[in-house]
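# Per-entry structural report
Take a look at the letters that make up each chain.
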Amino acid sequence: MHDDSLPFYETDETEETGSDGHSRRDVLRTAGVAGAGLGLAAFGSGTARAAEPDSAPAHATAATPARQGTSMIGVPFERRSTVRVGIIGLGNRGGSMIDLFLAMPGVQVVALCDPVKDKTAKAAAKVTAAGRPAPATYTKGDHDFENLCKRGDLDFVYAATPWDWHFEMAKTAMLNGKHVGVECPIALQLDQLWELVNLSEGTRRHCMQLENCCYGRNEMRVLRMAHAGKFGQLLHGAGAYNHDLRGLMFDPDYYEGPWRRLWHTRLRGDLYPNHGFGPVANYMDVNRGDRVTHISSFGTPSLGLAEYRAAHMPKGDPSWKESYIESDRTISLVQTAKGRVIRLEHDVSTPHPYSRINQLGGTKGVFEDYPERIYIEPDHKDDTWGDFAKYADWDHWLWKEHANPPGGHGGMDYIMIYRLMQTMRLGLVPDFDVYDAATWTSPVPLSHLSIKAKGAPQQIPDFTRGGWRERRGGVDSEKPAEE
């Protein structure tokens, strides 16, 4: 089992984040991001707090706790004619995603929450402008989301807030009988991931990581091809979040507060694995016939943010009191029970073009993205990449039905919300569940521990408690018969 004597938070570096000129209110009043390039998950304003190492559990563990409920594998939603939604966090991400909820059939936005009142008012105006009843609003401080979750007329809570709050909001929603979907990452500690699993099983509420990249056109096409055997026996894959965010992290108008940058003073590992991990996990049927077992991570020195600060920030800026420890690039190797290997990368601190890598290889060939290209037998030969556009017939039915979806990130946000709301209306099993959420997020704490241990493998918990052995459906879904 994983050595639970290793601390989760950094303890051997000076961390200058309490008296750094950022008041607690500055950090609480933070806003997330959306739309700056495909795949940048975003988080709403006004409901974040700085994670304080002294208040966190001293140790992280991969030990499997006793089950407190029954498995949520294969559990459908309750069928309903209208899905009643509450949204927490109305910054750039939540403030834009509300447009997609309003565009969905059979969906009503009932309640909105953000302590920044003008953002809540702007979002509420969108609801009434769409001809819907005015939503209830919750703006009375950082914990008013608890009152939203207590409402009796909500089916689903969507949390688009800074990372520090995701666990608490997901927990609160489930304890109040609501299904919940959370932006990435769903939590930041292993014990929190286990608690979400246990709460989902105990409350019989679904808790989902809303990973939009799983619904990208390329990702869904590769998924269907992989399941049809076009790549042969699967051997390896790779995913990443390599996105130059230096300017945005130092832009006070883009993030209302330094919450995302401050995570670079706390952890060394992969802070944002979900965008790369989720799609590759789907290709390999992780938690649906295979599972990930170990992760080994390595990190470079942390130089990029300090160099950017020196070049662009005035000496009086509060950021000069911050000490960055997050590796500029982390590279992790993940092993599966079937012996496959997944490579994960994270780099938001150095100059480079955007890439999620999105690679899948097997005994018959390989696909790589950024730029998209494919090489599979017997279609290709002579070491020449093929044109992936010629495989459009393999598009998922969602992309055939919604060829030009509205919304950000190339339409993947719309496809994700459409499918989620569809499964709720029709009483279907969701495409992914709390076990996927915990698995896709587990590299956050585990990569940090591995880097501190000079790359020593860390055990990835089996959040399904053995349920991964059963093959089951997922994002590669069949089109349902709508009524």
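In this convention, every chain numbers its residues from 1, walking through the sequence in written order. Only residues with pLDDT of at least 70 are given local features in this predicted model, and only at 80 or more are side-chain atom pairs given and counted; all residues enter the totals for whole chains, interfaces and linings. Based on all heavy atoms of the structure, the side-chain values leave hydrogens and waters out of the count.

Within this scheme a cavity is a closed region of a 1 Å grid, computed over the protein atoms alone, that accommodates a 1.4 Å probe without allowing it to escape, whereas a pocket is open but has protein on both sides within 12 Å along at least five of seven lines; lining residues each have an atom within 4 Å of a point. Grid points are joined across faces, edges and corners, and a volume is the space filled by probe spheres set on the points. This structure, assessed with the given rule, holds one cavity of 30 Å³ or more. Put simply, the largest cavity is a space of about 60 Å³. As for the largest cavity, its lining consists of Met208, Leu210, Tyr215, Met416, Arg419, Leu420, Thr423, Pro430, Asp431 and Phe432. Counting from the N terminus, the helices are the DSSP runs of H or I reaching at least four residues and the strands are the DSSP runs of E reaching at least two. Ranked by residue count, the leading element in the lining of the largest cavity is helix α13 (residues 412-426), at four residues. Amino acids outside the nonpolar list (Ala, Val, Leu, Ile, Met, Phe, Trp, Tyr, Cys, Pro) and the charged list (Asp, Glu, Lys, Arg) are all regarded as polar, and Gly is one of them. Counted by class, the lining of the largest cavity contains seven nonpolar, one polar and two charged residues.

Bringing the sheet that holds strand β6 (residues 207-209) into the picture now. Two strands are said to pair when DSSP picks up at least two bridges between them. Pairing is parallel in the open sheet, where six strands are placed in the order β3-β2-β1-β4-β5-β6. The outermost strands of the open sheet, each flanked by one partner alone, are β3 (136-138) and β6. Recorded for the sheet is a direction-independent mean angle of 25 degrees between the axes of neighbouring strands. In this sheet, strand β5 (residues 179-182) lies alongside strand β4 (residues 156-159) in parallel orientation, the contact comprising four bridges. In the strand pairing of β5, Ala159 is matched with Val182. Contacting β2 (107-113) and β3, helix α3 (residues 117-129) runs over the sheet at an angle of about 165 degrees to β2. Across the sheet, helix α5 (residues 166-175) is in contact with β1 (83-88), β4, β5 and β6; its angle to β5 comes to roughly 165 degrees. Between the N-to-C directions of two axes lies an angle of 0 to 180 degrees, each axis being a line fitted to C-alpha atoms and, for a helix, fitted only over the stretch in contact. Residue contacts are counted whenever heavy atoms from the two residues lie within 4.5 Å of one another.

This part takes up the sheet that holds strand β8 (residues 292-299). An order of β13-β12-β11-β7-β10-β9-β8-β14 is seen for the eight strands of this open sheet, with the pairing classed as mixed. Edge positions in the sheet fall to β13 (373-376) and β14 (458-459), since each of these pairs with one other strand and no more. Bridge analysis of strand β12 (residues 365-368) against β13 gives four bridges, and the strand direction is antiparallel. Along β13, the bridge assignment pairs Phe367 with Ile374. Seen against the sheet, helix α10 (residues 274-283) touches β7 (234-242), β8, β9 (330-336), β10 (341-347) and β11 (359-362) and runs at an angle of roughly 160 degrees to β7.

Our focus in this paragraph is the environment of Trp259. One can find Trp259 in helix α9 (residues 259-262). Remark: the alpha-carbon pair of Trp259 and Asp164, spanning 95 residues in sequence, is separated by 8.4 Å.

On to the pairing of β13. The side-chain alternation of β13 yields one buried face, formed by Ile374 and Ile376, and one unburied face, formed by Arg373 and Tyr375. Taking the residues that link successive antiparallel strands as the turn, the β12-β13 hairpin has four residues, and the phi of Tyr370 there is positive, at about 60 degrees. Buried residues are those whose accessible area, probed at 1.4 Å on protein chains only, stays under 20% of the maximum for their type, while exposed residues exceed 50% and partly exposed ones sit between those limits.

Before going further, it helps to spend a moment on the packing of aromatic side chains. When we look at a pair of aromatic rings, we describe it by the centre distance and by the angle of the planes. Classification of ring pairs uses Phe, Tyr and Trp, with its six-membered ring standing for Trp, and accepts pairs whose centres are within 6.5 Å; under 30 degrees between planes counts as stacked, over 60 as edge-to-face, and the remaining range as tilted. Throughout the structure, instances matching the rule amount to 15 aromatic pairs. Look at Trp163 and Trp263: their rings are 6.4 Å apart centre to centre, the planes differ by 40 degrees, and that puts the pair in the tilted class. You can see Trp163 sitting in the loop between β4 and α5 and its partner Trp263 sitting in the loop between α9 and α10, a full 100 residues away along the chain. With relative accessibility at 3%, the residue Trp163 sits in the buried group. Considering the side-chain rings of Phe388 and Tyr391, the 6.5 Å spacing of their centres and the 25 degrees angle between planes classify their relative orientation as stacked. Judged by its relative accessible area of 8%, Tyr391 falls in the buried class. Aromatic ring contacts, followed pair by pair, group Trp163, Tyr241, Trp259, Trp263, Tyr272, Tyr354 and Tyr370 into a single cluster. Sitting over the ring of Phe388, Arg221 keeps its end group 4.6 Å from the ring centre. Counting as a charge over the ring demands two things of the Lys NZ or Arg CZ atom: a distance within 6 Å of the ring centre and an angle within 35 degrees of the ring normal. Its end group placed over the ring of Trp385, Arg373 keeps NZ or CZ at 5.2 Å from the ring centre.

Right, let's get into the pattern of salt bridges. The working definition used for a salt bridge is a side-chain nitrogen of Lys or Arg within 4 Å of a carboxyl oxygen of Asp or Glu. Going through the model one piece at a time under the given rule, you end up with 27 salt bridges. For the salt bridge of Arg67 with Glu201, the shortest nitrogen-to-oxygen distance reads 3.0 Å. Within this pair, whereas Arg67 is found in the loop between α1 (24-28) and β1, its partner Glu201 is found in helix α6 (residues 190-203), the two being separated by 134 residues in sequence. Salt-bridge contacts for Arg93 lead to Asp413; the nearest nitrogen and oxygen are separated by 3.0 Å. Remark: Asp413 occurs in helix α13 and Arg93 occurs in helix α2 (residues 92-103); sequence separation between them is 320 residues. By sharing partners, the salt bridges in this structure join Glu78, Arg80, Arg84, Asp155 and Arg205 into a single network.

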